[in-house]
Every structure is written in structure tokens, then in C-alpha cells.
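Read off the chains here:
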Amino acid sequence: MTRTRKGELVLRYVLLLAVLALTVGPFLWQLSTSLKGPTEDIYSSPPSFFPRHPTLHNYERVSDTIPVWDYAFNSLKVATANVVTNCVGSALAGYALARLRYRGRRAATLAFVLAMLVPVEGIIIAQFTTMRELGLNNTLLGVVLPGCIGAMNVLLMRNAFLNLPYEIEEAAYVDGANVWQRFLRIALPSVKGTVAVVAIFAFMGAWDDFLWPLIVLSDPSKFTLTIGLNYLHGTFANDERLVAAGTVIAVAPLIALFAGLQRYFFRGVGEGAVKG
């Protein structure tokens with residue numbers, strides 16, 4: 001039995017290391033490439049993972065080639081607005097679906113489930129037409145508006161609220177608390193982990209989005225980072241060191257966000273995992 005358990009433990013760690021290499025390996029390779037100088041051959045065989053003479057010159061070249069910090073600021077504004085709208089809107093909608101009693105609640109829940117089944121590519125023309133009719137084309141507001149409340153985030157919040165004991169809210173109701181007081185003082189503080197999950201998903205979705213900003217934006221001064229980094233391909237001779245440096249700049253805020261909210265993230269995954 002001891003040998004069997006040791007064998008299972010070894011196999012588990014081998015699989016974990018394999019998954020880690022597949023997920024983290026490409027980013028580490030990009031980081032290594034971004035630190036290599038112009039004299040190093042990045043296409044050598046066998047490839048050299050560690051740079052012989054590490055340098056930050058590639059990051060300086062990125063900022064000299066494109067206004068990367070302006071693009072990053074635009075992405076930050078879009079991502080921050082997306083986080084705020086998703087956290088507020090999803091919490092309100094999730095609470096209404098989970099805790100309030102009204103006619104048509106199941107139909108509303110089904111509508112959010114069906115919304116998740118519709119691919120973005122199938123409605124992107126309708127979204128573009130809507131933004132044009134509203135006069136929001138070529139604006140950051142037009143980038144934010146279609147994704148301001150995600151159906152998946154609403155269902156995550158609904159599941160988290162469903163796991164809360166009804167007795168607590170009933171006691172607050174007896175004490176005279178109205179629905180807003182029960183939501184703000186009792187329900188919402190109990191699902192902080194799920195709110196963190198929604199915040200991470202919303203930030204990542206807005207920060208990494210490429211297709212929708214590419215369609216709705218035409219003014220280079222309003223480009224987000226994902227669109228701006230596209231200028232590093234082709235126009236400047238496909239310097240892989242430059243592209244790798246731009247990729248690291250784009251990924252760094254996501255790593256920082258997850259590192260800061262990881263304890264809430266793992267707690268939030270469990271908050272909505274019991275009931276559906």
C-alpha cells in the first residue's frame with residue numbers, strides 16, 4: 001500500500017509539472033527572449049533558454065516604437081470600467097435571481113444561461129450597428145458597453161448568493177431591514193470571494209480583448225494595448241525580441257492582479273460551487 005501511494009504521489013507531481021510546463025513555459029520563453037540582446041541568436045538549435053547577456057533594451061525599444069504606455073492607459077481605463085460595471089451589475093442581478101421572489105425569475109435565469117451559448121462572433125455585427133446608432137463608435141465607452149455585464153458573472157453571483165442561509169436574511173427582515181440593507185450589509189459581504197473572481201474575469205476579458213476594440217476603434221490615439229502591440233508585427237521586420245517584450249508588458253498587469261487577489265479567488269470558487 002505504501003509503494004502504491006508513493007507511486008500515485010509521484011505520478012501526480014509528474015502530471016502537475018507537465019501541466020505547469022505547458023501553461024507557464026511559453027510565458028517564460030517570451031520573458032527570456034525579451035531579455036536577449038541583438039547579438040544573441042534566438043533561433044539556435046538547440047535553443048538557449050537563458051540569455052547570455054540580459055538586457056532591458058528591448059523594452060525601451062517598444063516604448064520608442066509605439067506609444068505603449070498610452071495604449072496601456074487606454075486598456076486600463078476600459079478594464080477598470082469593465083470590472084466596476086460587472087461587479088456592481090452582476091451582484092445586483094445575481095441577488096435578484098437568487099434571493100428575491102417574483103414572477104418570471106426562472107425565465108430570467110434561463111435567459112442568462114442561453115446568453116452564454118451565443119458566440120460573440122454571431123452578434124458582433126449587431127453590436128457594431130448598435131454602437132453606431134448610439135454614436136459611440138471610435139470611443140472607449142463603445143468598447144466597454146457590450147461587455148459591461150457578463151452572463152457568466154451573473155450566474156456566478158447567483159450561485160454564491162444561493163449558498164447563503166436564508167435564516168440570516170429572515171432575521172434581518174424581522175428586525176426591519178429592507179431589501180437594500182439585506183443586500184449591502186448581509187449578502188454582499190458574505191460573497192467577497194466571488195466578487196473577486198468576477199473582478200479577475202472581467203479585467204482579464206477586457207484587457208485581453210482584441211477583436212471588438214479592433215472593430216469599433218479607428219483613432220490610433222484611442223487604441224488599447226492589444227491593438228497597439230499588433231504594430232510590432234510586420235511593420236518593424238518582425239523582431240521577435242521586440243514582440244516578446246511587448247507581450248511581457250501586456251501580461252504583467254494580469255499577473256499582478258491575480259497575485260493580489262488569489263486568496264479571494266480560490267475562496268470565491270468554492271462559494272458558488274455547491275448549488276447550481
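Presented here is an overview of the structure given in this document. (Residues numbered from 1 in each chain as written. Predicted model: local features only at pLDDT ≥ 70, side-chain atom pairs only at ≥ 80, totals over all residues. Heavy atoms only, no water.)

### Re the overall build of the protein
In terms of helices and strands, the protein carries 13 helices and zero strands. Reading the protein from its N terminus to its C terminus gives the helix and strand order α-α-α-α-α-α-α-α-α-α-α-α-α. Structurally, the protein occupies a C-alpha span of about 75 × 70 × 30 Å along its principal axes. When each of the 276 residues of the protein is scored for burial, the buried share is 36%. When contacts within the protein are restricted to residue pairs at least 6 apart in sequence, long-range pairs at least 24 apart make up 74% of them. Of the roughly 16,400 Å² of accessible surface on the protein, 67% is carried by carbon and sulfur atoms. Separation of charge centres in the protein, based on 23 positive and 18 negative side chains, amounts to 12 Å. (Helix = DSSP H or I, 4+ residues; strand = E, 2+ residues; numbered from the N terminus. Buried < 20%, exposed > 50% of the residue type's maximum accessible area, 1.4 Å probe, protein only. Contact = heavy atoms within 4.5 Å. Areas by Shrake-Rupley, 256 points an atom, 1.4 Å probe, with all protein chains shown as cover. Lys, Arg positive; Asp, Glu negative; His and termini not counted. Charge placed at Lys NZ, Arg CZ, Asp CG, Glu CD.)

### What about unusual backbone geometry?
Located in the positive-phi region is Asn138, a residue other than glycine, with phi close to 65°. Among the secondary structure elements, Asn138 is positioned in the loop between α5 (120-133) and α6 (140-144).

### A closer look at helix α10 (residues 192-208)
Its 17 residues place the ends of α10 24 Å apart at the C-alpha level, agreeing with the 24 Å of an ideal helix rising 1.5 Å per residue. Of all the positions in α10, only Gly193, Thr194, Ala196, Val197, Val198, Ala199, Ile200, Ala202, Phe203, Ala206 and Trp207 are classed as buried. (Expected span 1.5 Å × (residues − 1).)

### Considerations on helix α7 (residues 151-162)
Under the 1.5 Å per step criterion, the end-to-end length of α7 is 17 Å for twelve residues, consistent within 8% with the ideal 16 Å. Extensive coverage of α7 is indicated by the burial of ten of its twelve residues.

### As for the nonpolar core
With 48 residues, the main nonpolar core has Val62, Ile66, Phe161, Trp207, Leu217 and Leu225 as its most contacted residues. Here this core gets ten residues from one element, more than from any other, and that element is helix α3 (residues 68-99). Not counting residues within four places of it along the chain, the set of residues in contact with Trp207 comprises Ala72, Ser75, Leu76, Ala79, Leu225, Thr226, Ala250, Pro253 and Leu254. (Core = buried A, V, L, I, M, F, W, Y, C linked by side-chain atoms within 4.5 Å.)

### A closer look at a nonpolar patch on the surface
The grouping of Leu17, Leu20, Val24, Leu28, Phe49 and Phe50 at the surface amounts to a nonpolar patch, some 570 Å² of accessible area in total. Within the secondary structure, Leu17 is located in helix α1 (residues 2-34). Given the relative accessible area of 56%, Leu17 is considered exposed. (Patch = residues over 30% accessible without salt bridge, like charges linked within 9 Å, V, L, I, M, F, W, Y side chains within 5 Å. Salt bridge = Lys/Arg side-chain N within 4 Å of Asp/Glu carboxyl O.)

### Here we look at the packing of aromatic side chains
Summed over the entire model, instances satisfying the criterion amount to six aromatic pairs. Considering the side-chain rings of Tyr95 and Phe161, the 5.4 Å spacing of their centres and the 85° angle between planes classify their relative orientation as edge-to-face. Here Tyr95 is found in helix α3, whereas its partner Phe161 is found in helix α7, with 66 residues between them in sequence. Here Tyr95 and Phe161 have matching classes, each one buried. Among the aromatic residues, ring-to-ring pairing joins Tyr95, Phe161, Trp180 and Phe183 into one connected group. (Phe/Tyr/Trp six-rings, centres within 6.5 Å; stacked < 30°, edge-to-face > 60°.)

### Re the pattern of salt bridges
Oppositely charged side chains can pair when the atoms bearing their charge come close. Counted under the stated rule, the structure contains two salt bridges. Measuring nitrogen to oxygen at the nearest pair gives 3.5 Å for the salt bridge that ties Glu169 to Arg182. One end of the pair, Glu169, is in helix α8 (residues 166-174); the other, Arg182, is in helix α9 (residues 179-187), with 13 residues separating them in the sequence. Comparing Glu169 with Arg182 shows no difference in burial state: the two are buried. What you see here is one network of salt bridges that share partners, running through Arg99, Glu169 and Arg182.

### Details of the environment of Ala160
When you line up the elements, Ala160 lands in helix α7. Here Ala160 falls in the buried class, since its relative accessible area comes to 1%. Spatially, the C-alpha atom of Ala160 lies 20 Å from that of Asn82, the residues being 78 residues apart in sequence.

### Some remarks on the packing of α3 against α7
Running from amino to carboxyl end, α3 crosses α7 at an angle of 50°, the nearest separation of the two axes being 7 Å. Relative to α7, the element α3 lies oblique. Taken as a pair, α3 and α7 cross one another with a handedness that is right-handed. Contacts from Asn86, Ser90, Ala91, Ala93, Gly94, Tyr95, Leu97, Ala98 and Arg99 in α3 reach Asn153, Val154, Met157, Arg158, Phe161 and Leu162 in α7. Looking at the contact of α3 with α7, its residues break down into nine nonpolar, four polar and two charged. (Axes fitted to C-alpha atoms, helices over the stretch in contact; angles between N-to-C directions. Parallel < 35°, antiparallel > 145°, perpendicular 65-115°, else oblique. Left-handed = near helix turned anticlockwise from the far one by under 90°. Nonpolar A, V, L, I, M, F, W, Y, C, P; charged D, E, K, R; others polar.)

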